[in-house]
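Topology and contacts: notes
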Amino acid sequence: MIGQPRAPAGIGLPRSHSRRIDSTNRAARDLAARGAPHGTLVTTDEQSAGRGRSQRPWVAPAGSSVLMSLVLRELGEGGGLLPLTAAVAVADVLDPWVGDVSIKWPNDVWISGRKTAGILVEGRPQEDWAVLGIGLNVSTAAEELPPELRDTATSVAAAGGGAHRIEEVLGPLLTALDRRLGQKPAEVLAAWRERDALHGSAVSWDEGEGVAAGVDDSGALLVDTAGGRVTLDAGEVHLSRIV
Ligand code: BTN
């Protein structure tokens, strides 16, 4: 463990940083299961088995990205909104550097329609903890992105947001997370809705298609279909925008 605070935040300590690890989410889950306190942070320069949503891998060149996982224990009424809250915090950090920052439900952060950050929340509600994992592409060059993602992904630098050291992004990100986690659900939802990338767009998922119509107060996606309005839970569907 290393103990230098990166930001004036109530989260981020104790911190465990490694040059290379399989997955910061895996490590943070293990720490949480062993009783690590609220705010414990795991970071790395590189992951050998980074995990994304829906069992997909998360790949980032060494030293190019914020790769972090937080153990969170005191989530209170906003716990169910954690994925959306984290996306808003990432967007807060990107705002000064780039324009056109939006969020694709539930928590992909886009710059000009390209994914720049992914968020993976895992947890043991019965043991009262969650792990919040964030991968944020900071300095990844366009040609370093996996070929299959070059049309749909970007980084802060590739999007024209300038050069930033990973540690200089991590501090503001922890501060933004701390602030957003302390807000009431209504405030977080209002900020999320201002950045809703899908609102009014045609979307499809395994069992249907329709037009995205925002989120309800639980963070579930509302979709207007030919058969009426349906509500999609983030844990259950993989959603695509029909372009
Ligand atoms: C997604 O968009 O599919 C979520 C990606 C989450 C990736 C981050 S990188 C840090 C943390 N450790 C992991 O193994 N995954 C998350």
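Bear in mind that the values here come from a model prediction, so they are computed numbers and not experimental data.

Description of the overall build of the chain
The helix and strand tally for the chain stands at four helices and twelve strands. Expected size for 243 residues packed as a compact globule is a radius of gyration near 18 Å; at 17 Å, the chain falls within 12% of this value. Judged by the C-alpha coordinates and their principal axes, the chain covers about 55 × 45 × 30 Å. For the chain, the proportion of its 243 residues judged to be buried stands at 48%. In the chain, the share of contacts with a sequence separation of at least 24, taken over all contacts with a separation of at least 6, comes to 64%. Only carbon and sulfur atoms are counted for the fraction: they give 48% of the accessible area of the chain, which is about 11200 Å². In the chain, 24 positive and 31 negative side-chain charges are present, and the distance between their average locations comes to 5 Å.

So, the sheet that holds strand S7 (residues 129-137)
The strand order across the open sheet formed by seven strands is S1-S2-S3-S7-S6-S5-S4, and the pairing between neighbours is mixed. Both outer strands of the open sheet, strand S1 (15-21) and strand S4 (101-104), are each paired with one neighbouring strand and no more. Within the sheet, the average angular offset between the axes of one strand and its neighbour, ignoring direction, is 20 degrees. Examined bridge by bridge, S1 and strand S2 (residues 41-47) share six bridges and lie parallel to one another. Bridge assignment links Ser18 to a residue of S2, and that residue is Thr44.

Focus on the nonpolar core
Membership of the largest hydrophobic core comes to 50 residues, with the highest contact counts inside it found for Val66, Met68, Leu70, Val90, Leu94, Leu132 and Leu177. Broken down by element, the residue count for this core peaks at ten residues, all from helix H2 (residues 82-94). Look past the residues within four positions of Leu177 in its chain and what remains in contact with it is Ile11, Met68, Leu70, Ala86, Ala89, Leu132 and Ile134. Counting residues in each nonpolar core, the second largest holds ten residues, with Ala27, Leu31, Ala32 and Trp129 among its members.

Examining the packing of H2 against helix H4 (residues 185-194)
In contact at an axis separation of 9 Å, H2 and H4 are set at 60 degrees when each is read in the N-to-C sense. Here H2 is positioned oblique relative to H4, judged by the angle of their axes. In the crossing of H2 with H4, the sense of the turn from one axis to the other is left-handed. Where H2 approaches H4, its residues Leu84, Thr85 and Val88 are matched on the opposing element by Val188, Leu189, Ala191 and Trp192. The class makeup of the residues in the contact of H2 with H4 is six nonpolar, one polar and no charged.

Comments concerning the sheet that holds strand S12 (residues 240-241)
Strand order across the open sheet formed by five strands is S11-S10-S9-S8-S12, with antiparallel pairing between neighbours. The open sheet terminates on both sides in strands that have one partner only, identified here as strand S11 (228-232) and S12. Of the pairings in the sheet, the one linking strand S8 (residues 202-205) to S12 comprises two bridges and is antiparallel in character. Along S12, the bridge assignment pairs Val203 with Arg241.

Details of the packing of H2 against helix H3 (residues 166-181)
For any two helices packed against each other, one specifies the inter-axial angle together with the distance between the axes. At a minimum axis separation of 8 Å, H2 and H3 run at an interaxial angle of 135 degrees. Classified by the interaxial angle, the pair formed by H2 and H3 is oblique. You can see that H2 and H3 cross each other, and the crossing is right-handed. Residue-level contacts link Leu82, Thr85, Ala86, Val88, Ala89, Val90, Asp92 and Val93 of H2 to Val169, Pro172, Leu173, Ala176, Leu177, Arg179, Arg180 and Leu181 of H3. In the contact of H2 with H3, the residues fall into twelve nonpolar, one polar and three charged.

Observations concerning the confidence of the model for the chain
The predicted structure's coordinates, where accompanied by low pLDDT, should not be read in detail. Confidence in the prediction of the chain, expressed as mean pLDDT, is 91, and 93% of residues score 70 or more. When the criterion is pLDDT under 50, residues 1-8 qualifies, and its contacts beyond four places in sequence or with other chains add up to 20 contacts.

Rules behind the numbers
- Residues numbered from 1 in each chain as written.
- Predicted model: local features only at pLDDT ≥ 70, side-chain atom pairs only at ≥ 80, totals over all residues.
- Heavy atoms only, no water.
- Helix = DSSP H or I, 4+ residues; strand = E, 2+ residues; numbered from the N terminus.
- Rg over C-alpha atoms; globule rule 2.2 N^0.38 Å.
- Buried < 20%, exposed > 50% of the residue type's maximum accessible area, 1.4 Å probe, protein only.
- Contact = heavy atoms within 4.5 Å.
- Areas by Shrake-Rupley, 256 points an atom, 1.4 Å probe, with all protein chains shown as cover.
- Lys, Arg positive; Asp, Glu negative; His and termini not counted.
- Charge placed at Lys NZ, Arg CZ, Asp CG, Glu CD.
- Pairing = 2+ DSSP bridges.
- Axes fitted to C-alpha atoms, helices over the stretch in contact; angles between N-to-C directions.
- Core = buried A, V, L, I, M, F, W, Y, C linked by side-chain atoms within 4.5 Å.
- Parallel < 35°, antiparallel > 145°, perpendicular 65-115°, else oblique.
- Left-handed = near helix turned anticlockwise from the far one by under 90°.
- Nonpolar A, V, L, I, M, F, W, Y, C, P; charged D, E, K, R; others polar.
- pLDDT = per-residue confidence, 0-100.

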